[in-house]
Amino acid sequence: MREWLNRLRDWLRRDELDRELTEELRFHREQLERDARREGAPADSARYVARRRLGNMTRVHEEARDRWSWPWLDHFQKDLRYAFRGLRRSPGFSATVIVTLGLGIGANAAMFGVIDRLMFRPFPHLRDPSTVHRVYLTWQDRERSRTSSAFEYTRYLDLTKFTTSFSQFAGFATRGMAVGVGDASRERLVAVVNASFFDFFDMRPALGRFFVAAEDVTPKGANVAVLDYGFWQREFGGKNVLGETLYVRNIPCQIIGVAPRGFVGVSEGEPPAVYIPITTAAGNEPIERMATNYYRTYNWGWMSVMLRRKPGVSEATASRDLSQAHVRSWNAELALEPGGTPAAIARPAAIAGPLRTPAGPDAGLESKTLLWVTGVAVIVMLIACANVANLMLARVLRRRREIAVRLALGVSRTRLLAQCLTESMLLAGLGCVAGVAIAQWGGAALRHLLVGNISALDVVTDWRTLFVAAGFALAAGLLTGLGPAYLAGRGELATALKAGAREGGAHRSRMRSALLVLQGALSVILLVGAGLFVKSLDHVRDLPMGFDAEPVLYATANMRGMRTTVEQQEALGQALLTAGQAIPGVESAAWVSAAPFQSSSATGLYVEGIDSVRKLGRFTFQNTTPDFFTTMNTRILRGRAFTAQDRKGTPLVGLVSEAMGKALWPGKDALGQCMRVGSDTIPCTTVIGIAENAVERSFTGEKGFMYYLPIAQHEPGSGFALMLRMRGDPRPHQETVRKVLQAVMPGQSYIRVQPFNEIIDTQRRSWRVGATMFVAFGVLALVVAAVGLYGVITYNVAQRMHELGIRIALGAQSGDVVRLVIGQAIRFAVIGLLLGLALSLFAAKWIEPLLFQQSARDPVTYGLVAALLLFVALAASALPARRAVRADPNSALRTD
Amino acid sequence: MTPSSRRDLLPGTLDMLILKTLMAQPMHGYGIAQHLQRLSEDVIKVEEGSLYPALQRMRQKGWIKAEWRQTPNNQRARYYTVTSAGRKHLGQQESGFLELLSAIGRIMRPA
């Protein structure tokens, strides 16, 4: 290695070394001359003796020089200069190639940046990341297979007890909690982790220490906290904070350390601000039942588990070990709480999967869509490469004569090949620079599209992305350079010298046609994908949601772990509602126990004549106040909404969604029916109204079984949320509403207000991402393909000017010539189109799950794409066709 | 000193000999050639044609350093010095070579 560096350094100062050697040899000769003279030889014969002794000076020189001259480096330098000159001579060609490759490389670098951060990048400081896993539990639930990474603390303890394949375990969760006191308190991300969590990493705290096992014990851990480095710098100015008290929720935690810079734990988005022991968080839960039982019952799945395989344990063995542990844990749960599904039916198992959930077995729709979009970016790159290869081929063919001359003059074919490759590599390198710039700019746009998921998308400073960009450039350089290089190096010398710049061999145009068809086909696939995603997004937007969220603000209270009695809850809810209704600009307001998309509640439901309501699906309920339906603009199809008269002491009433009514009382009128909520001995809740179906948790796979109960007739619960319908755009009112409601909140508790639409938009994101990216890449591909087609047709026309001239001389009409040229373009387009449509049909079954109520074999989309491609082919060949018509029969006949 | 009395060097030994020579003191190319010839009593005669390429190679390997100095006669000459990497290399070479030599000696001893 060092020797190569020295050689390279020598190569850089080879002229100086040459001079030094000459001087050194002269000194040697002088010494020899002196020796000879001392022995008595006359001056001229001494010189002669010295010369002879020193042997062939030139040979010494050359051999020594070989040590610092690298012929291939010299050649490379020359080739590079030659390539540069060539590119400067044809700026149009160079710019086209660089921009085309830049777009391809940029698209891929940007997508890689996203995918890498989402799925693959190892967490900073994590020791030996390949042996660390997150545990995913799987089981069968009503014929459906379920996967989840959510654990009960008890189950986590079971796994540590029942397995033998692992050397380290840690439970962790990241949750938004109020941190700080008074005005300074904000909702921050807090990582609640086992003390063993820190042992997974190779690091020292920037200050103090991490917490230890003795501070992380059931039932309740010690009140200690470790700060995130960034949080420490921002909030405490980096001063010594050890020993100070920091309120996390209602827990006064003593700060014992600061994590090192760059440490983010295993959080996938924004890093947490504070780390506290997991048992401290769980042991201080506001709900007494959870705080005392979290480590011995199985009803609260809230945390994730990571572990490290012992050396020599394979991933498959690890998963098997975890699976048997899950079975034992499942049976332990059944022993504690009988009545659940037996293990033989539920078939519990577990997977030692990737730490990053988007790469794991229960990855969301969005990350799957992003993977597809990354595939699309690769296709764009292929199209770009095909295009560039085509342009380079055309160039080589144009320079056929020059190349033949050089071959005839004795340039070796290897050198010629090297030259071609140097040129394509230079172009790819410049394309890479352009690509990084494009990715940097595109990264900002992507970040906008994917808000929340990716914390930073800086390409220029990220060596992983730069490395990938360089890799793509290298591949592009090879792909686009090898074909032309191959062509340049072969062919009959004599023919080429004779024929000059006209007539391409058949195989050459075959290669170019194949590239063209490939481009067309790939563009078609992308355009079909774009069409399908756009339609999906339309479907999602047109979906009847059962409410109109546009002018609605959503306010949630954070009680900071304060324990409240039912009376306090009722009083606070009522106070919030009254305050909210009085705010100018508020049309109506409702107090809800669960906001759509945020949370939902379900409980046992009993209806006469039905054995098990649960088997029909999940029925969720909403405890709310009378104005809910006007606030959300949910229509009541029949019957009535509840009123202030439906309160404690009056007969229990409720509304059901249309779908729920049909499911529970098929063929009957749901109005007036009786259902028992919570247990089968509780008095009837009479159905007094039927509401339209509303989307509740997600857009996919929901039956819309919902019922609404008056909050006044039930326990309100400790979650306070208000829905406020504003007149017009809710955004300007956000802060006013927050201030008014905050004034009502007791103690350290606080309120958060956001437009309800923001919450829904997150849900629609995967289709929006798919639609935006597919359209962007599809259009990009089409433009690139069109440029390619235009280039090839133009080139072909130029090559055939002579032939066309003769045709015209023989009486061909302009129409015939136009048909000839455009016909060729259309032929390419049709073959590419057919191939692309066939491939799209083939890929349909994989893309369909990503779409929303949209068949991936939609004939309208396919038809539109076909029409678009043919139109583009026509447009791209129109100009060359016009030129063809102007072929001059005179010059054609005269030239030979 | 007749041509027949000169011996060709075993391959690889030239580097070792040069290093050994330079261990005593920094020397220029001419000095090295003279030294080898004198010490081997004219048996070993280093061709200048192989000496200078060898010096370049060893310099690139980092075994020796080159610098311009004045000779005692006030002439400018290029002196070579052994580096620590060169000393390490010489140590390895030397022990290996002596082993080899004694092995050859044992075989060549009359039976």
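The structure displayed is predicted, hence computed values, not measured ones. (Residues numbered from 1 in each chain as written. Chains lettered and ligands numbered in written order. Predicted model: local features only at pLDDT ≥ 70, side-chain atom pairs only at ≥ 80, totals over all residues.)

Engineer: Sorry if this is basic, but what is going on with the overall build of chain B here?
Structural biologist: Scanning chain B from N- to C-terminus turns up 4 helices and 3 strands. Along chain B, helices (α) and strands (β) appear in the sequence α-β-α-α-β-β-α when read from the amino end. Counting all 111 residues of chain B, 26% fall into the buried class. (Helix = DSSP H or I, 4+ residues; strand = E, 2+ residues; numbered from the N terminus. Buried ≥ 20, exposed ≤ 12 C-beta atoms within 10 Å, placed from the backbone.)

Engineer: Would you explain the overall build of chain A in this entry?
Structural biologist: The secondary structure content of chain A amounts to 26 helices and 23 strands. The dimensions of chain A, computed from C-alpha atoms along their principal axes, are 130 × 95 × 60 Å. Counting the 896 residues in chain A, one finds 42% classified as buried. Once local pairs closer than 6 in sequence are excluded, the contacts in chain A between residues at least 24 apart make up 83%. (Contact = placed C-beta atoms within 7 Å.)

Engineer: Mind showing me how you'd approach helix 25 (residues 859-885) of chain A here?
Structural biologist: For an α-helix the count is 3.6 residues per turn, leaving residues at separations of three or four pointing the same way. Relative to the 39 Å expected for 27 residues at 1.5 Å per residue, helix 25 of chain A spans 38 Å between its end C-alpha atoms, a close match to the ideal helical length. Of all bends in helix 25 of chain A, the biggest is about 35 degrees, found at A:Ala878, and the proline A:Pro880 comes one to four residues later. (Expected span 1.5 Å × (residues − 1). Bend = angle between axes of the 7 residues up to and from the residue.)

Engineer: Teacher, can you tell me more about the interface of chain B and chain A here?
Structural biologist: Interface size is commonly expressed as the accessible surface area that is lost when the partners come together. Each side of the interface is counted separately: chain B has 16 residues, and chain A has 18 residues. Looking at the side of chain B that touches chain A, the elements that each hand over two or more residues are helix 2 (29-39), helix 3 (48-61) and strand 3 (76-82) of chain B. Ranked by residue count, the leading element in the side of chain B that touches chain A is helix 3 of chain B, at 8 residues. Looking at the side of chain B that touches chain A, its residues break down into 4 nonpolar, 7 polar and 5 charged. (Nonpolar A, V, L, I, M, F, W, Y, C, P; charged D, E, K, R; others polar.)

Engineer: I'm lost on the pairing of strand 16 (residues 620-624) of chain A in this one. Help?
Structural biologist: The side chains of a regular strand alternate, first on one face of the sheet and then on the other. Residues and elements named next belong to chain A. In terms of burial, strand 16 is largely enclosed, as 5 of its 5 residues are buried. As paired elements, strand 14 (residues 601-602) and strand 16 share 2 bridges and run antiparallel to each other. If you follow Ser601 over to strand 16, its bridge partner there is Phe621. (Pairing = 2+ DSSP bridges.)

Engineer: Would you mind showing me how to read the nonpolar core here?
Structural biologist: Here is a general trend for soluble globular proteins: nonpolar side chains tend to be buried in one another's company. Residues and elements named next belong to chain A. Ranked by size, the top nonpolar core spans 105 residues in total, and within it Val376, Val380, Leu526, Phe777, Ala781 and Leu789 carry the most contacts. Among the secondary structure elements, those contributing two or more residues to this core are helix 6 (91-120), helix 13 (365-398), helix 15 (413-449), helix 16 (463-489), helix 18 (506-542), helix 23 (756-809), helix 24 (814-847) and helix 25. Filtering out sequence-adjacent residues up to four positions away, Ala781 remains in contact with Val380, Ile383, Leu522, Ser523 and Leu526. With 65 residues, the next largest nonpolar core counts Ala170, Phe172, Phe210 and Val248 among its residues. (Core = buried A, V, L, I, M, F, W, Y, C linked by C-beta atoms within 7 Å.)

Engineer: Sorry if this is basic, but what is going on with the packing of helix 24 of chain A against helix 25 of chain A here?
Structural biologist: Each pair of packed helices gets described by two things: the angle between the helix axes and the distance between those axes. Residue and element names in this part refer to chain A. The geometry of helix 24 relative to helix 25 is characterised by a closest axis approach of 8 Å and an angle of 150 degrees between their N-to-C directions. Taken together, the axes of helix 24 and helix 25 lie roughly antiparallel to each other. Note that helix 24 runs across helix 25; the crossing there is right-handed. Here Ser814, Val817, Val818, Val821, Ile822, Ala825, Ile826, Phe828, Ala829, Leu833 and Leu837 of helix 24 lie close against helix 25, whose contacting residues are Tyr862, Ala866, Leu869, Leu870, Ala873, Leu874, Ala876, Ser877, Pro880, Ala881, Ala884 and Val885. For the contact of helix 24 with helix 25, the class distribution of residues is 21 nonpolar, 2 polar and no charged. (Axes fitted to C-alpha atoms, helices over the stretch in contact; angles between N-to-C directions. Parallel < 35°, antiparallel > 145°, perpendicular 65-115°, else oblique. Left-handed = near helix turned anticlockwise from the far one by under 90°.)

Engineer: Can you walk me through unusual backbone geometry in this structure?
Structural biologist: Both trends apply: most residues other than glycine have a negative phi, and most peptide bonds are in trans. Residue and element names in this part refer to chain A. Note that the residue after Thr218, namely Pro219, is joined by a cis bond; omega there is 0 degrees. The phi angle at His125 is positive, at roughly 75 degrees, despite the residue not being glycine. Mapped onto the fold, His125 is located in the loop between helix 6 and strand 1 (132-141). C-beta crowding within 10 Å serves as the criterion here: with 19 such atoms nearby, His125 is assigned to the partly exposed category. Not every positive phi belongs to a glycine, and Asp128 is a case in point at roughly 45 degrees. Looking at the secondary structure, you find Asp128 in the loop between helix 6 and strand 1.

Engineer: What's the story with the confidence of the model for chain A in this structure? I'm lost.
Structural biologist: In low-pLDDT segments, the atomic positions of the prediction should not be examined closely. Summarising the model, chain A shows a mean pLDDT of 85, and 94% of its residues fall at 70 or more. For the stretch residues 503-507 of chain A, pLDDT sits under 50, and the model shows 3 contacts to residues farther than four places along the chain or on other chains. (pLDDT = per-residue confidence, 0-100.)

Engineer: Help me understand the sheet that holds strand 1 (residues 27-28) of chain B, please; the structure alone is not making it clear to me.
Structural biologist: An order of 1-3-2 (chain B) is seen for the 3 strands of this open sheet, with the pairing classed as antiparallel. Taken across any chain shown, the strands that pair with only one partner, and hence form the sheet edges, are strand 1 and strand 2 (64-70) of chain B.

Engineer: What exactly am I supposed to notice about the environment of A:Ala95 here?
Structural biologist: Considering the arrangement of structural elements, one finds A:Ala95 in helix 6. A sequence separation of 513 residues divides A:Ala95 from A:Glu608, and the C-alpha atoms of the two residues are 76 Å apart.

Engineer: Help me understand the pairing of strand 7 (residues 245-248) of chain A, please; the structure alone is not making it clear to me.
Structural biologist: All names here are of chain A. Note: strand 7 against strand 8 (residues 251-258), 4 bridges, orientation antiparallel. If you follow Thr245 over to strand 8, its bridge partner there is Gln254. The turn joining strand 7 and strand 8, which pair antiparallel and follow one another in sequence, is formed by 2 residues; a positive phi near 55 degrees is taken by Arg249.

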